[in-house]
Amino acid sequence: MAVNFQAGPDQGSWQRRIDRAAQLAAEDEATRPLLVFYGQLLGLQRDTYDTLRKAPLSGSLERDLDVVRPCASAILSAVRTTGPALLADEIQEIVAGGDSAIDQLLLEWWRTLAANQFFGKVVLQPYAQRLAELSRRPLDRELYTNEFRCPFCAGPPQLSMLQRGGELEGGGRALLCATCFTSWPFRRVRCVSCGEEDEHRLAYFHSRALDHLRVDACDVCRRYVKTIDLTRLGVAVPLVDEVAGAALDVWARERGYEKLELNLVGL
Amino acid sequence: MAISRRVFLKGSLTGAATLSAFGFDIAPIAAQARTLKISRTSETRSTCPYCSVSCGVIIHTLGDKAKNAVPQVVHVEGDPDHPINRGTLCPKGASLEQDILNDRRLLKPQVRRPGSTRWDDIGWDQAIDEIGRWVKKTRDATFVEKDARGRTVNRCEGIAWTGGCTDTNEFNYLVVKTMRSLGVCYLENQARV
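Each value, and the rule that gives it
Along each chain, numbering runs from 1 in the same order as the chain's sequence is written. Key to labels: chains lettered from A, ligands numbered from 1, both in the order written. Only residues with pLDDT of 70 or above have their local features reported here, since the model is predicted, and side-chain atom pairs are shown and tallied only from 80 upward, although totals for entire chains, interfaces and linings are computed over all residues. Think of the side-chain values as coming from all heavy atoms in the structure, minus any hydrogens and water. Helix and strand assignments come from DSSP, with helices taken as H or I runs of at least 4 residues and strands as E runs of at least 2, each series counted from the N terminus. For the radius of gyration, the atom set is restricted to C-alpha positions; the globular benchmark scales as 2.2 Å times the number of residues to the power 0.38. Remark: exposure states derive from per-residue accessible area (1.4 Å probe, protein chains only) relative to the maximum for the residue type, with buried under 20%, exposed over 50%, and partly exposed in between. Method for areas: the Shrake-Rupley scheme with a 1.4 Å probe, in which residue coverage is limited to the protein chains shown. Contact criterion: two residues are considered in contact whenever any of their non-hydrogen atoms come within 4.5 Å of each other. Throughout, the accessible surface (probe 1.4 Å) given up by two parts as they are put together, summed over both, is called the buried area. For salt bridges, the criterion is a side-chain nitrogen of Lys or Arg within 4 Å of an Asp or Glu carboxyl oxygen. For this analysis, a polar contact is any N or O atom pair within 3.5 Å, provided that within protein one partner can donate a hydrogen and the other can accept it, and provided that sequence-adjacent residues contribute only side-chain to side-chain pairs. A pair of strands counts as paired when DSSP detects no fewer than two bridges linking them. Grid points spaced at 1 Å over the protein atoms alone were grouped into cavities, where a 1.4 Å probe fits but cannot get out, and pockets, open sets with protein on both sides within 12 Å along at least five of seven lines, with lining residues defined by an atom within 4 Å of a point. Grid points are joined across faces, edges and corners, and a volume is the space filled by probe spheres set on the points. All amino acids are sorted into three groups, where Ala, Val, Leu, Ile, Met, Phe, Trp, Tyr, Cys and Pro are nonpolar, Asp, Glu, Lys and Arg are charged, and the leftover types, Gly among them, are polar. As a rule, the C-alpha atoms of each element are fitted with a line to give its axis, helices using only the stretch in contact, and angles between N-to-C directions run from 0 to 180 degrees. Think of pLDDT as the predictor's per-residue confidence, scored from 0 to 100. Geometry of aromatic contacts follows a simple scheme: Phe, Tyr and Trp rings, the Trp one being its six-membered ring, pair when their centres are within 6.5 Å, and the pair is stacked under 30 degrees between planes, edge-to-face over 60, tilted otherwise. By the criterion adopted, a ring carries a charge over it if an Arg CZ or a Lys NZ lies within 6 Å of its centre and within 35 degrees of its normal. Seen with the strands pointing away from the viewer, any crossover whose path from the first strand over the helix to the second strand runs clockwise is right-handed.

Details of the overall build of chain B
Summing up its helical and strand segments, chain B has 5 helices and 8 strands in all. Each helix (α) and strand (β) of chain B, taken in turn from the N terminus, gives the series α-β-β-β-α-α-β-β-α-β-β-α-β. For 193 residues, the compact-globule estimate of 2.2 N^0.38 gives 16 Å, and chain B exceeds it by more than 25% at 29 Å. Once the C-alpha set of chain B is aligned to its principal axes, its extents read approximately 105 × 40 × 30 Å. Burial statistics for chain B: of 193 residues in total, 31% are counted as buried. About 12900 Å² of surface is accessible on chain B, with carbon and sulfur atoms providing 54% of the total.

Written out as structure tokens, the structure reads:
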């Protein structure tokens, strides 16, 4: 079956994400530090994206490093002053290693898309998004893709969304790539990680306090992904609202579920 | 450069951690999480029973799987992955939740007497007795053992049965067995899905 997917920033511009982060930070005290930091990251990513838009990109990170590296340096230096001590310490180590350390870090992440690494993800998300917009497939890494991985870059999903659109009524489910922000359709009653379809082993955890968010968990593989229900709150920006629902992450982890892909605040 | 273990920040957040994998203090968020009233639901794919189009539906059931908790249907919606309806439902199908949960559901038998304009409650025993008596009387009066050409037909032409679209397979099985044993030919059970 041909996969119908949408490349690029279908969930709003960088500015829309930044505005949403500021709005949600003003509304909730507990998640404010996370959202303020994430808003700053989004600003840095937008600057990176603007720089990359003006540059000819080949799709091979190794060849594009000359353009990407200065952006990475800017992000590292900003995060060193505004981020938590753990990240600041790491940046100290990376900076001490010079340009070659940054290159190695980026290339390593680009080839593995490791779920729990911060720097590769924060720097290369704008790069991957730009490649998706240009329909320029990443050249220098394995692109093994299936319905659980992004059809463009083979990255894992950051979150799932329920949305109306096209000929669909009600809440069609789509996954949003954690790397290039491409979205692709995915079946409703199915585990995003292991593909389990037995409804008795799939659980949806929901709180009215976070009405448009839920945790889609699987009792077989014990993994979960958060779902942003855009049919309940159309103004939500999935990437940002996912971070704002941090309490659900903590709740799920305390019950032994493991998140499929950490977001940029490490939850 | 040798990449250190920490450079890769292997997140290993488990249990009641106080820091996120990237070092954020999540104590306030953990406190917030404890105030959340979280409900567990399941989504079950099924088929609308109302007509032969056979639209796919998703039934949302609330329940934490505890042995003393009774699962409760809280929502029914069209299945967006179903090739027939792609998430749409007709107004009747969209009201399926009310087929499952409905304050107006009749819980005891009622009868409308000949010439009466209203329904009266009657007891189960009385209802079964009356139905049995009328079925026997009607069947005896209208039973056709042989047709006009003398062939054995053993049919009851004075009774007809019509079923409802939400009747189950098992119920329809019993209906067919019962009606056929009475010789009823005018039998419709709406089992089309």
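From this point, the discussion proceeds with the structure in view.
Some thoughts on the interface of chain A and chain B
Each side of the interface is counted separately: chain A has 57 residues, and chain B has 42 residues. Between chain A and chain B the total buried area reaches about 4500 Å² when both faces are included, carbon and sulfur atoms providing 60% of it. The three residues of chain A that bury the most area against chain B are A:L86, A:R188 and A:Y204, which together make up 12% of that side's buried surface. Taken together, the links from chain A to chain B amount to 4 salt bridges. A salt bridge links A:R188 to B:E43, with the shortest nitrogen-to-oxygen separation between them at 3.0 Å. Connecting chain A to chain B are 10 residue pairs in polar contact (both at pLDDT 80 or more). Of all the elements, helix 8 (residues 246-254) of chain A adds the most residues to the side of chain A that touches chain B, at 7 residues. Relative to strand 1 (residues 38-47) of chain B, strand 4 (residues 202-207) of chain A runs antiparallel, the two being bridged by 4 bridges. Directly across from A:Y204, in strand 1 of chain B, lies its bridge partner B:T41.

Looking at empty space enclosed by the protein
All names here are of chain A. Tallied over the entire structure, the rule returns 3 cavities of 30 Å³ or more. What lines the largest cavity is a set of 15 residues, among which C191, V192, D216, A217 and V225 lie closest to the centre. Looking at the lining of the largest cavity, the elements with two or more residues in it are strand 4, strand 5 (213-218) and strand 6 (223-229). Counted by class, the lining of the largest cavity contains 10 nonpolar, 1 polar and 4 charged residues. Approximately 50 Å³ is the volume found for the second largest cavity. Contributing to the lining of the second largest cavity are Y38, K121, Q125, Q158, L239, E242, V243, N263 and L264. Counting only elements with at least two residues in the lining of the second largest cavity, the list comes to helix 6 (119-134) and helix 7 (238-244). Residues belonging to the lining of the second largest cavity are distributed by class as follows: 4 nonpolar, 3 polar and 2 charged.

Quick notes on the side chain of A:R173
Within the element layout of this structure, A:R173 appears in strand 2 (residues 168-177). At 3.1 Å, the side chain of A:R173 and the backbone oxygen of A:R188 are in polar contact.

Comments concerning the sheet that holds strand 7 (residues 152-162) of chain B
Residues and elements named next belong to chain B. Ordered in space as 6-7-8, the 3 strands form an open sheet in which the pairing is mixed. The sheet is open, and its two borders are formed by strand 6 (143-146) and strand 8 (184-188), each paired with just one other strand. Between one strand axis and the next, the sheet turns by 25 degrees as a mean value, whatever way the strands run. Helix-sheet contacts for helix 4 (residues 124-142) involve strand 6 and strand 7, and the interaxial angle to strand 7 is about 140 degrees. Docked against the sheet, helix 5 (residues 169-182) engages strand 6, strand 7 and strand 8, running at close to 160 degrees with respect to strand 8.

A look at the confidence of the model for chain B
Residue and element names in this part refer to chain B. Per-residue pLDDT for chain B has a mean of 89; in total, 91% of the residues score no lower than 70. Every residue in residues 1-15 scores below 50 in pLDDT, and together they form 40 contacts with partners more than four places removed in sequence or on other chains. The ipTM assigned to the predicted complex is 0.89, against a pTM of 0.87.

Considerations on the layout of surface pockets
Taken as a whole, the second largest pocket spans an internal volume of roughly 830 Å³. In terms of lining, the second largest pocket is formed by 34 residues, of which the most central are A:H206, A:R232, B:H60, B:V74 and B:H75. Mapped by element, the contributors of at least two residues to the lining of the second largest pocket are strand 1 (157-165), strand 2, strand 4, strand 5 and strand 6 of chain A together with strand 1, strand 2 (56-62) and strand 3 (72-78) of chain B. Classifying every residue of the lining of the second largest pocket by side-chain character gives 9 nonpolar, 14 polar and 11 charged.

Some words on the packing of aromatic side chains
Geometry of an aromatic ring pair is reported as the spacing of the ring centres plus the angle between the planes. With the rule as written, the count across this model stands at 11 aromatic pairs over all chains. A:R222 extends its terminal NZ or CZ atom over the ring of A:Y257, reaching a point 4.1 Å from the ring centre. Positioned above the aromatic ring of B:Y50, the side-chain terminus of B:K92 is 4.7 Å from the ring centre.

Quick look at the pairing of strand 7 of chain B
Residue and element names in this part refer to chain B. As defined by bridge partners, strand 6 adjoins strand 7 across 3 bridges and the pair is classed as antiparallel. Counted as the bridge partner of K146 is T152 from strand 7. Taking the residues between adjacent antiparallel strands as the criterion, strand 6 and strand 7 are bridged by 5 residues, where G150 takes a positive phi near 85 degrees. Of the crossover connections in this fold, the one passing from strand 7 over helix 5 to the parallel strand 8 is right-handed.

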